[in-house]
Amino acid sequence: MTGRLHSIQSLGAVDGPGIRAVAFLQGCPLRCAYCHNPDTWDPSGGEPIEAAELARKLLRYRSYWGKEGGVTVTGGEPLLQAAFVEELFTILQSEGVHTALDTSCTGDLAAAERVLRHTDLVLADLKFLTEEDYAAYCRGSLARVKEFLRLTERMGVPLWIRHVVVPGLTDGEEHIRALGREAASYSNLRKIELLPFRKLCLEKYRTMGIPFPLEDTPEMDEARCHALFRLLPKVGETR
Ligand code: SF4
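Residues numbered from 1 in each chain as written. Predicted model: local features only at pLDDT ≥ 70, side-chain atom pairs only at ≥ 80, totals over all residues. Heavy atoms only, no water.

Concerning the sheet that holds strand β8 (residues 189-196)
Moving on, step 1. In space, the eight strands of this open sheet follow the order β3-β1-β2-β4-β5-β6-β7-β8, with mixed pairing throughout. Each end of this open sheet is capped by a strand with a single partner; those strands are β3 (47-50) and β8. Neighbour-to-neighbour, the strand axes of this sheet turn through a mean angle of 30°, independent of strand direction.
Moving on, step 2. As paired strands, strand β1 (residues 2-12) and strand β2 (residues 20-25) are joined by five bridges and run antiparallel to one another. Across the sheet, the residue bridging to G12 is R20, located in β2.
Moving on, step 3. Across the face of the sheet, helix α8 (residues 222-229) comes into contact with β7 (159-165) and β8 while running at roughly 155° to β8. (Pairing = 2+ DSSP bridges. Helix = DSSP H or I, 4+ residues; strand = E, 2+ residues; numbered from the N terminus. Axes fitted to C-alpha atoms, helices over the stretch in contact; angles between N-to-C directions. Contact = heavy atoms within 4.5 Å.)

Here we look at the environment of S44
Moving on, step 1. Along the chain, S44 falls in the loop between β2 and β3.
Moving on, step 2. The exposed category is assigned to S44, whose relative accessible area is 53%.
Moving on, step 3. It is 32 Å that separates the C-alpha atoms of S44 and L169, two residues lying 125 residues apart in sequence.
Moving on, step 4. In this structure the side chain of S44 is engaged in a polar contact, spanning 2.8 Å, whose partner is the side chain of D42. (Buried < 20%, exposed > 50% of the residue type's maximum accessible area, 1.4 Å probe, protein only. Polar contact = N/O pair within 3.5 Å; in protein donor to acceptor, adjacent residues only side chain to side chain.)

Topic: the side chain of H98
Moving on, step 1. Tracing the sequence through the fold places H98 in the loop between α2 (82-94) and β5 (99-103).
Moving on, step 2. Residue H98 is classed as buried on the basis of its relative accessible area, which comes to 13%.
Moving on, step 3. For H98, the side chain forms a polar contact with the side chain of R20, separated by 2.9 Å.

Details of the side chain of T74
Moving on, step 1. As for its position among the elements, T74 is in strand β4 (residues 70-74).
Moving on, step 2. Excluding its chain neighbours within four sequence positions, the residues that come into contact with T74 are V22, A23, F24, L25 and D102.

Details of the nonpolar core
Moving on, step 1. Counting 67 residues, the largest nonpolar core has L54, L88, F148 and L149 as its most contacted members.
Moving on, step 2. Counting residues per element, this core draws most heavily on α2, at six residues.
Moving on, step 3. In contact with L149, other than residues within four places in its own chain, are C105, A124, L159, I161 and Y186. (Core = buried A, V, L, I, M, F, W, Y, C linked by side-chain atoms within 4.5 Å.)

Overview of the site of the ligand
Moving on, step 1. Taken together, the neighbourhood of the ligand is formed by C28, L30, R31, C32, C35, W41, G76, S104 and K127.
Moving on, step 2. Counted by class, the shell around the ligand contains five nonpolar, two polar and two charged residues. (Near = heavy atom within 4 Å. Nonpolar A, V, L, I, M, F, W, Y, C, P; charged D, E, K, R; others polar.)

Section: unusual backbone geometry
Note on backbone geometry: most residues besides glycine have negative phi, and most peptide bonds are trans.
Moving on, step 1. Omega for the peptide link from G75 to G76 comes to 10°, which places this bond in the cis form.
Moving on, step 2. Here G76 lies in the loop between β4 and α2.
Moving on, step 3. One non-glycine residue, C105, lies in positive phi territory at about 70°.
Moving on, step 4. You can see C105 is positioned in the loop between β5 and α3 (109-116).
Moving on, step 5. Given a relative accessible area of 2%, C105 falls into the buried group.
Moving on, step 6. Phi at R139 is positive, roughly 55°, even though this residue is not glycine.

Quick look at the pairing of β5
The side chains of a regular strand alternate between both faces of the sheet.
Moving on, step 1. With five of five residues buried, β5 is to be regarded as a mostly interior element.
Moving on, step 2. Side-chain alternation along β5 places T99, L101 and T103 on one buried face and A100 and D102 on a second face that is also buried.
Moving on, step 3. Bridge count for β4 against β5 is three bridges, and the pairing is parallel. Looking across to β5, one finds that T72 is bridged to A100.
Moving on, step 4. In this fold, β4 hands off to α2, which returns the chain to β5; that crossover is right-handed. (Right-handed = clockwise from strand over helix to strand, strands pointing away.)

Observations concerning the packing of aromatic side chains
Moving on, step 1. In the structure shown here, the tally under the stated rule is six aromatic pairs.
Moving on, step 2. Ring geometry for F197 against F212: centres 6.3 Å apart, planes inclined by 10°, an arrangement best described as stacked. Separated by 15 residues along the polypeptide, F197 in the loop between β8 and α7 (202-208) and F212 in the loop between α7 and α8 bring together distant segments of the chain.
Moving on, step 3. The exposure class assigned to F212 is buried, which follows from its relative accessible area of 5%.
Moving on, step 4. With a centroid separation of 4.7 Å and an interplanar angle of 55°, the aromatic rings of Y205 and F212 are classed as tilted.
Moving on, step 5. Taking the relative accessible area as the measure of exposure, Y205 reaches 1% and is therefore buried.
Moving on, step 6. Each member of the aromatic cluster is reached from another via a ring pair, and the members are Y34, F128, Y134 and Y137. (Phe/Tyr/Trp six-rings, centres within 6.5 Å; stacked < 30°, edge-to-face > 60°.)

Written as structure tokens, this is what we have:
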């Protein structure tokens, strides 16, 4: 199975437990206002690669992973290439590698189910809490996200929920409490992560000649993000 790869990060420390090799796949159907990777949007971009070849490249970094680490596949939206990820994860699991899927929870559910059979951890972006905000700020659908999250619950795949905190948009205390309630409603939840909004991607947008919708929004204050985190329910972090 051939997929399209944007890039590999050999030593990732923020996309799942431990030290991980991170594969960024090409293509995304969403357009999040705070997207850091607009260069992954085009599904025909990147480089073609066989799943077995990508597995071989990732396994080169195995000595760094220790007991906690492994491989995370992100994007773009990896479920856009579900059959490719299914094959990649099948190979990696047969090698005893911990597999994590970082997803916006957008994609065909039947295909997603086949990927989840070979997924040890889902890192799910829950970006907004209303259909209106999903439509306005990322061209997505909250209902589809929830359907995917319930699927992970039914299949018993451990779940981390991740949420980008944007000043003036997703940094209200009541909003964060509501996020905590929604996240805690999934019995497979293991962790909630709040990610402060950053603008490190500005140069990419300028190079690509496209406007960054949140150019005038300030970056999120780390201390306030920590304070908001304390409003979330305590979740036992286990693998
Ligand atoms: S889902 Fe991820 S890659 Fe796609 S637009 Fe949103 S932030 Fe960017």
